[in-house]
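Remarks on the overall topology
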Amino acid sequence: MVNIPSKIKIANLPTKIEKLERLSKKLGGPSIFIKRDDQTGIEFSGNKVRKLEFAVKEAMDQGCNLLITCGGIQSNHARATAAVAAKVGMASCLVLRTNKEEEIDGNYFLDKILGAKIKFITPKEYKESRMEIMEELKQELSKEGYKPYIIPEGASNGIGTFGYFNAMEEIIEQEKEMGIKFDAVVIAVGSGGTYGGLFLGNKVMNNGAKIYGVNACENEEYFKNQIDKVIKESLDYIDEVVEFTKDEINILDGYVGRGYALSRPEEIEFIHEIAKLEGIILDPVYTGKAMYGLANEIKKGSFKNHNNILFIHTGGLYGLFSKKDLFSF
Ligand SMILES: *Cc1c(COP(=O)(O)O)cnc(C)c1O
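Parameters at a glance
Residues numbered from 1 in each chain as written. Predicted model: local features only at pLDDT ≥ 70, side-chain atom pairs only at ≥ 80, totals over all residues. Heavy atoms only, no water. Helix = DSSP H or I, 4+ residues; strand = E, 2+ residues; numbered from the N terminus. Rg over C-alpha atoms; globule rule 2.2 N^0.38 Å. Buried < 20%, exposed > 50% of the residue type's maximum accessible area, 1.4 Å probe, protein only. Contact = heavy atoms within 4.5 Å. Areas by Shrake-Rupley, 256 points an atom, 1.4 Å probe, with all protein chains shown as cover. Lys, Arg positive; Asp, Glu negative; His and termini not counted. Charge placed at Lys NZ, Arg CZ, Asp CG, Glu CD. Disulfide = S-S within 2.5 Å. Pairing = 2+ DSSP bridges. Axes fitted to C-alpha atoms, helices over the stretch in contact; angles between N-to-C directions. Near = heavy atom within 4 Å. Polar contact = N/O pair within 3.5 Å; in protein donor to acceptor, adjacent residues only side chain to side chain. Nonpolar A, V, L, I, M, F, W, Y, C, P; charged D, E, K, R; others polar. Core = buried A, V, L, I, M, F, W, Y, C linked by side-chain atoms within 4.5 Å. Domains from an automatic or database assignment. Right-handed = clockwise from strand over helix to strand, strands pointing away.

A few words on the overall build of the chain. When helices and strands are counted, the chain shows 11 helices and 10 strands. For 329 residues, the compact-globule estimate of 2.2 N^0.38 gives 20 Å, and the C-alpha radius of gyration of the chain, at 19 Å, lies within 12% of that figure. Overall, the C-alpha framework of the chain stretches about 60 × 50 × 35 Å when taken along its three principal axes. Counting every position in the chain, which comprises 329 residues, the buried fraction comes to 59%. Within the chain, contacts between residues separated by at least 24 positions form 78% of all contacts whose residues are at least 6 apart in sequence. Here the chain has roughly 14,500 Å² of accessible surface; of this, 48% comes from carbon and sulfur atoms. Charged side chains of the chain number 43 positive and 47 negative; the gap between the two group centres comes to 3 Å.

Encoded structure:
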């Protein structure tokens with residue numbers, strides 16, 4: 001077995017896998033299963049906690065006592081970071097992107113309750129210089145006596161990626177217990193670390209599943225580069241030669257819609273439909289778009305060579321609350 005870095009234990013793992021009987025039947029294609037990574041916890045629910053288990057361990061080993069990270073105003077990652085920080089007795093400082101006065105709602109509301117210090121920056125500053133802004137904050141907070149540790153967007157870096165390397169191992173274990181083989185794993189992609197970890201785990205453990213990512217922003221080329229980069233950073237932590245090319249990274253582009261965190265009526269309707277059909281609530285920013293993409297691709301026949309698809313529900317429920325006005329009942 002490969003020697004990966006150590007982690008702290010915070011998430012409720014393993015997360016369960018269930019079959020979506022009615023959706024599979026409705027689409028008439030392969031069987032669709034869902035892995036409930038939205039149930040990794042309440043305060044730190046979603047996929048980010050798996051990455052944070054590794055990143056925060058590294059921060060603790062370095063003697064740090066404050067976590068700095070960044071994201072959009074409704075960032076699940078920022079909220080999970082604030083929750084994990086409080087859980088391990090650290091402070092947190094979140095750099096959030098917005099260009100307007102924000103209502104205290106959803107994840108941002110939880111950030112405040114969890115005691116995070118918050119700094120707002122504009123979309124332009126975020127795009128061009130979020131890393132520099134976090135570095136400056138680190139200097140300032142160091143002067144106040146803190147020892148800060150910076151976690152990049154989505155904890156999608158070398159260390160964070162092991163969260164989903166581990167999740168792949170968990171999936172392989174569950175396949176054995178269930179007597180099932182998932183030949184495709186489908187997830188939403190936002191900063192690439194989840195995809196990178198699954199891809200690396202799948203490769204290293206010779207699992208042979210095809211990993212598909214539905215991008216929630218940017219485009220295919222951007223993510224092939226970003227994922228290639230995070231995987232290479234991860235390889236620096238393990239003594240392993242892993243050969244792969246960017247061609248093996250499968251991005252199902254075409255479902256960004258109106259843009260990051262912006263919803264189209266058909267996406268909202270789809271979320272509503274799945275909630276009524278399966279009792280599962282998807283989020284508007286990632287999983288709603290990703291499963292909408294999966295359903296469309298199944299209808300188009302893109303998955304006809306697969307028998308069992310595993311969709312990972314990566315969380316995001318709290319972000320839905322700020323979109324309540326888009327639903328009609
Ligand atoms: C961050 C996030 C993703 C995307 O994961 P990345 O590792 O950033 O690509 C997917 N779903 C939800 C709910 C998220 O919060």
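Every buried residue of helix α4 (residues 106-113) is accounted for by Gly106, Asn107, Tyr108 and Asp111. Packing partners of the buried residues in α4 comprise α3 (76-87), β4 (91-97), β5 (117-121) and α11 (317-320). Positioned one or two residues after α4, glycine 115 has a phi angle of 85°, which is positive.

The next point concerns the state of the cysteines. What the rule picks out here adds up to zero disulfides. Cysteine 64 takes part in no disulfide bond, and the closest cysteine sulfur to it belongs to cysteine 93, at a distance of 14 Å. Cysteine 70 provides the cysteine sulfur closest to cysteine 217, a residue in no disulfide bond, and the two sulfurs are 13 Å apart. Judged by relative accessible area, which is 13%, cysteine 217 ranks as buried.

What the four strands build is an open sheet, ordered β5-β4-β3-β6; its pairing is parallel. Two strands in the sheet have a free side with no partner beyond their single neighbour: β5 and β6 (148-150). Pairs of neighbouring strands in the sheet enclose a mean axial angle of 25°, with direction left out of account. Contacts from α4 reach β4 and β5 within the one sheet, and its direction differs from that of β5 by about 140°. Across the sheet, helix α5 (residues 123-143) touches β3 (66-72), β4, β5 and β6, and the angle it forms with β3 is around 165°.

Next up on the list: the site of the ligand. The environment of the ligand is formed by 16 residues, the closest being Lys48, Lys51, Ser191, Thr194 and Thr314. One of the backbone N or O atoms of glycine 193 is found 3.4 Å from an oxygen atom in the ligand. Within the side chain of threonine 314, a nitrogen or oxygen atom sits 2.6 Å from a nitrogen atom of the ligand. Those elements giving two or more residues to the shell around the ligand turn out to be α2 (48-61), β7 (184-189) and α7 (193-204). Across the shell around the ligand, the residue classes tally to three nonpolar, 11 polar and two charged.

With that settled, the discussion passes to the nonpolar core. Residues Leu67, Tyr149, Tyr195 and Leu198 are the most contacted members of the largest nonpolar core, which totals 55 residues. At the level of elements, α2, α3, α6 (162-178), β7, α7, α8 (220-235) and β10 (308-313) are the ones that each hand at least two residues to this core. Per-element tally for this core: the top contributor is α6, with seven residues. Two domains each put at least three residues into this core: domain 1 (17-45 + 159-326) and domain 2 (48-155). Dropping the residues within four chain positions of it, tyrosine 195 is found in contact with Ile187, Val189, Ile211, Tyr212, Gly213, Ile227, Glu248, Ile249 and Asn250.

With that settled, consider the pairing of strand β8 (residues 210-215). Looking along a regular strand, one sees side chains alternate from face to face of the sheet. For β8, the tally of buried residues reaches five of six residues, placing the bulk of the element in the interior. The pairing of β7 with β8 spans six bridges and is parallel. Bridging across to β8, alanine 184 finds its partner in lysine 210. Taken together, β7, α7 and β8 form a β-α-β motif whose crossover is right-handed. Where β8 meets strand β9 (residues 250-251), two bridges bridge the pair, whose relative direction is parallel. Note on β9: the bridge partner recorded for tyrosine 212 is asparagine 250. Read from β8 through α8 to β9, the crossover connection turns out right-handed.

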